[in-house]
Amino acid sequence: MGGAEESRSTGTGRPTSRDVARLAGVSHTAVSFVFNGRAEGNLSPATQERIRQAAAQLGYRPDPVARGLRRRRTAVIGLVTDEIASSPFAGRLLRGAMETAWDSDHLVLTVDSGGDPAKEDAAVAELLDRRVDGIIYAAMSLRRVRVPEGLHRTHSVLANCLPEDDSLPAVVPAERAGGRTAARLLLDAGHRRLAVIGGLDDIASAERTRGFRDALRAEGVTVPEKWIVRGGGEISAGHAGALRLFDGVGPDRRPTGVLCYNDRVAAGVLHAATRLGIDVPADLSVVGYDDQEHMAAFLTPPLTSVALPHRAMGEAAARLLLDAIDTGRTPSATVRRLACPVVSRASVAPAPNP
């Protein structure tokens, strides 16, 4: 049951399962049952606890290689992503996936492809050669992706992206609901003259704007098209967009609330407002998106933002993958959308009097 790898002394002082059995006063088979997940129905709770206490006292841990060989698993999952090195959000997603995997006695082997399709295919092939138990493919910005060759040969889950062919399960942010949430923040504060600044030609921008319009439509609020100012996702886009809307425009003819495509755009809006002498939040309320670490909380004023659930996506993708590995059943190719929570700070206030 325990295997020769765990039964013999290693010669290095590492405790074995037979050492645990002797200390606990049980059979070697009983120890194997506990650490192979077969104790329920075979051993009493008291015996299981005695074995675990003996293992803890000795500092015993099962040999993962031996256990993997018995189960035909490696206890390793792969994670392929397009831009770990350059994305400010990669750490959250990785931590979520890695800690969830660790809790299930799995390690995560990570590869950054730099967005190169050939490297992605090669990375997946290399992970398959190493016999990983499954693979998470993650993108650092929400988009439809070409599924790398080889992902269909193992258990696979996508995180923060959608497969072009709808062939694999995916975990993504609920962007449209997030846009509704952002709009509701401003509407609930009494704002009716609202604008959108920034945005790219991507799924996230389109979905956030749809959600924004949903919320306004429900309140009978109309946004002039000239107050939907596109132009990118950087600080410069926010600065330029705010100048277009506010420079030379009287307080009674300009928006009192702005939803920004992301926190970088919001930083540009705040900078432009300061330059124009517009007080945030007394004259203008600003809502960001992403809750970017080391940024949103340190702007002046600290920025209210709708957070992207990167850590939760990593956790959910890893859990979905581990469940598939444990059951041997491929999860259905459905899309799971995770809520985007609000992080309230100081950039939103009641609408100024007309």
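About the cut-offs
Residues numbered from 1 in each chain as written. Predicted model: local features only at pLDDT ≥ 70, side-chain atom pairs only at ≥ 80, totals over all residues. Heavy atoms only, no water. Helix = DSSP H or I, 4+ residues; strand = E, 2+ residues; numbered from the N terminus. Rg over C-alpha atoms; globule rule 2.2 N^0.38 Å. Buried < 20%, exposed > 50% of the residue type's maximum accessible area, 1.4 Å probe, protein only. Contact = heavy atoms within 4.5 Å. Areas by Shrake-Rupley, 256 points an atom, 1.4 Å probe, with all protein chains shown as cover. Lys, Arg positive; Asp, Glu negative; His and termini not counted. Charge placed at Lys NZ, Arg CZ, Asp CG, Glu CD. Pairing = 2+ DSSP bridges. Axes fitted to C-alpha atoms, helices over the stretch in contact; angles between N-to-C directions. Core = buried A, V, L, I, M, F, W, Y, C linked by side-chain atoms within 4.5 Å. Expected span 1.5 Å × (residues − 1). Salt bridge = Lys/Arg side-chain N within 4 Å of Asp/Glu carboxyl O.

Caption draft 1: Here's a closer look at the overall build of the protein chain. Counting its regular elements, the protein chain contains twelve helices and 14 strands. Computed over C-alpha atoms, the radius of gyration of the protein chain comes to 26 Å, more than 25% over the 20 Å expected from 2.2 N^0.38 for 354 residues, which places it beyond the range of a compact globule. Considered along the principal axes of its C-alpha atoms, the protein chain spans approximately 85 × 45 × 35 Å. Out of the 354 residues belonging to the protein chain, those deemed buried represent 53%. Summarising the internal contacts of the protein chain: among those between residues at least 6 apart in sequence, 72% fall at separations of at least 24. Taken as a whole, the protein chain presents about 16,600 Å² of accessible surface, with 50% of it coming from carbon and sulfur. Of the charged side chains in the protein chain, 44 are positive and 42 negative, and the gap between their average positions amounts to 3 Å.

Caption draft 2: Main features of the sheet that holds strand β13 (residues 335-338). The six strands are arranged β2-β1-β3-β5-β7-β13 in an open sheet whose pairing can be described as parallel. Taken across any chain shown, the strands that pair with only one partner, and hence form the sheet edges, are β2 (107-112) and β13. Geometrically, the sheet is characterised by an average inter-axis angle of 20° between neighbouring strands, direction not taken into account. Bridge count for strand β3 (residues 134-138) against strand β5 (residues 155-159) is five bridges, and the pairing is parallel. Bridge pairing in β5 places I136 opposite V157. Against the sheet, helix α12 (residues 310-327) contacts β1 (76-81), β3, β5, β7 (170-173) and β13, and its axis sits at roughly 165° relative to β5.

Caption draft 3: Looking closely at the pairing of β3. In terms of residue burial, β3 counts as a mostly covered element, since five of its five residues are buried. Summarising the sheet, β1 and β3 pair through four bridges and their orientation is parallel. Bridge pairing in β3 links V80 to Y137.

Caption draft 4: Broad picture of the nonpolar core. Formed by 45 residues in total, the largest nonpolar core has its most connected members in F212, L216, V269, L284 and V286. For this core, the secondary structure elements donating two or more residues are α8 (175-188), β8 (194-197), α9 (203-218), β9 (228-229), α10 (235-246), β10 (257-260), α11 (263-276) and β11 (285-290). Of the residues forming this core, the biggest block, seven residues, is contributed by α11. The residues touching L284, leaving out its near neighbours within four places in the chain, are F246, P255, T256, G257, V258, V269, I278, D279 and S347. Within the second largest apolar cluster, 22 residues are counted, among which are L94, A159, A316 and A318.

Caption draft 5: Structural context of the environment of I197. Note that I197 resides in strand β8. Placed 86 residues apart in sequence, I197 and V111 show a C-alpha to C-alpha distance of 35 Å.

Caption draft 6: Summary view of helix α6 (residues 90-103). With 14 residues, α6 extends 20 Å from end C-alpha to end C-alpha; this agrees with the ideal 20 Å at 1.5 Å per step. Taken together, the buried positions of α6 are occupied by A90, R92, L93, L94, G96, A97, T100 and A101. At its buried positions, α6 is contacted by β1, β2, β3, β5, β11 and α12. Residue D105 follows α6 closely and has a positive phi angle near 60°.

Caption draft 7: Just the pattern of salt bridges, in detail. For the structure shown, the criterion picks out 22 salt bridges. Here R130 and E126 are joined by a salt bridge, their closest N and O atoms 3.1 Å apart. Taking relative accessible area as the criterion, E126 reaches 39% and is therefore assigned partly exposed. With a closest N to O distance of 3.3 Å, E219 and R184 form a salt bridge. With E219 in the loop between α9 and β9 and R184 in helix α8, this pair connects stretches of sequence that are 35 residues apart. Given the relative accessible area of 37%, E219 is considered partly exposed. Each of the salt bridges in this network shares a partner with another, and the network as a whole consists of R176, R180, D214 and R217.

Caption draft 8: Representation of the sheet that holds strand β12 (residues 304-307). Judged by pairing direction, the sheet is mixed, and its six strands sit side by side in the order β9-β8-β10-β11-β12-β14 without closing on themselves. With partners counted over all chains shown, the strands left at the sheet margins are β9 and β14 (342-343), one partner each. Two strands pair when backbone bridges link them, and β11 and β12 are joined in this way by four bridges, in the parallel orientation. The residue bridging G288 from the neighbouring strand is S305, located in β12. Strands in contact with α8 are β8, β10, β11, β12 and β14; relative to β11, the strand with the most contacts, it is inclined by about 160°. Lying on the sheet, α11 is in contact with β8, β10, β11 and β12; it crosses β11 at an angle near 155°.

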